[in-house]
Amino acid sequence: MTRAVIFDLDGVLVDSEQAWDAARKDVVAFKTFLRTLIHELCHHLDYELYKMPETFHTEGFYKRESTLVSALLAAESTAGDLLG
C-alpha cells in the first residue's frame, strides 16, 4: 500500500528538468529563451553593477526587461529583413 507520494516539481530534490526536456525533445522558443536570458541578466546587473543587496521583481524590473527584449526582437526582425 502506498502511504506517501513526493512530487518534486521545482527541482529541489532532483534536478531532472533537462532530462525530461531531452526525453520529450522539447525545444524552447527563441522568444522564451531570450526573455529568460534578459531576465537573469537584469538580476546580474542589479547585483554586480548597481550593488543592490536584493533584486526584486518590481514593475520597474519587468519594464526594463520588456524594453530590452522588445529592442532585441526588433533588431532581429530588421536584420532578418535585410538578409532576405
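Cut-offs applied
- Residues numbered from 1 in each chain as written.
- Predicted model: local features only at pLDDT ≥ 70, side-chain atom pairs only at ≥ 80, totals over all residues.
- Heavy atoms only, no water.
- Helix = DSSP H or I, 4+ residues; strand = E, 2+ residues; numbered from the N terminus.
- Buried < 20%, exposed > 50% of the residue type's maximum accessible area, 1.4 Å probe, protein only.
- Expected span 1.5 Å × (residues − 1).
- pLDDT = per-residue confidence, 0-100.
- Contact = heavy atoms within 4.5 Å.
- Patch = residues over 30% accessible without salt bridge, like charges linked within 9 Å, V, L, I, M, F, W, Y side chains within 5 Å.
- Areas by Shrake-Rupley, 256 points an atom, 1.4 Å probe, with all protein chains shown as cover.
- Salt bridge = Lys/Arg side-chain N within 4 Å of Asp/Glu carboxyl O.
- Core = buried A, V, L, I, M, F, W, Y, C linked by side-chain atoms within 4.5 Å.

### Some thoughts on the environment of Glu40
With respect to the secondary-structure elements, Glu40 resides in helix α2 (residues 30–48). Judged by relative accessible area, which is 47%, Glu40 ranks as partly exposed. Sequence separation of Glu40 and Glu65 is 25 residues, and the distance between their C-alpha atoms is 9.4 Å.

### Quick notes on α2
Here α2 contains 19 residues, and its C-alpha end-to-end distance of 26 Å stays within 8% of the 27 Å for a straight helix at 1.5 Å per residue. Restricting attention to buried positions, one finds in α2 the residues Leu34, Ile38, His39, Cys42, His43 and Asp46.

### Some remarks on the confidence of the model for the protein chain
Per-residue confidence for the protein chain gives a mean pLDDT of 79, with 68% of residues at or over 70. No element of the protein chain has a lower mean pLDDT than helix α1 (residues 17–24), which averages 67, and none a higher one than α2, which averages 88.

### Brief notes about the side chain of His39
For His39, the position within the fold is in helix α2. Assessed through its relative accessible area of 15%, His39 is described here as buried. Excluding its chain neighbours within four sequence positions, the residues that come into contact with His39 are His57, Phe61, Tyr62 and Glu65.

### A closer look at a nonpolar patch on the surface
On the surface, a nonpolar cluster with roughly 400 Å² of combined accessible area is contributed by Val28, Phe30, Phe33 and Leu37. Positionally, Leu37 belongs in helix α2.

### Points about the nonpolar core
Formed by Leu34, Ile38, Cys42, Phe61 and Val69, the largest nonpolar core amounts to five residues. Of all the secondary-structure elements, those providing two or more residues to this core are α2 and α3 (59–83). With three residues, the top contributor of residues to this core is α2.

### Side note on the pattern of salt bridges
Within this structure, the stated rule accounts for three salt bridges. The residue Glu65 makes a salt bridge to Arg35 at a minimum N-O spacing of 2.8 Å. Within this pair, whereas Glu65 is found in helix α3, its partner Arg35 is found in helix α2, the two being separated by 30 residues in sequence. The class for Glu65 is buried, based on a relative accessible area of 3%.

### Section: the side chain of His43
With respect to the secondary-structure elements, His43 resides in helix α2. Leaving out residues up to four positions away in the same chain, His43 has contacts with Thr55, His57 and Phe61.

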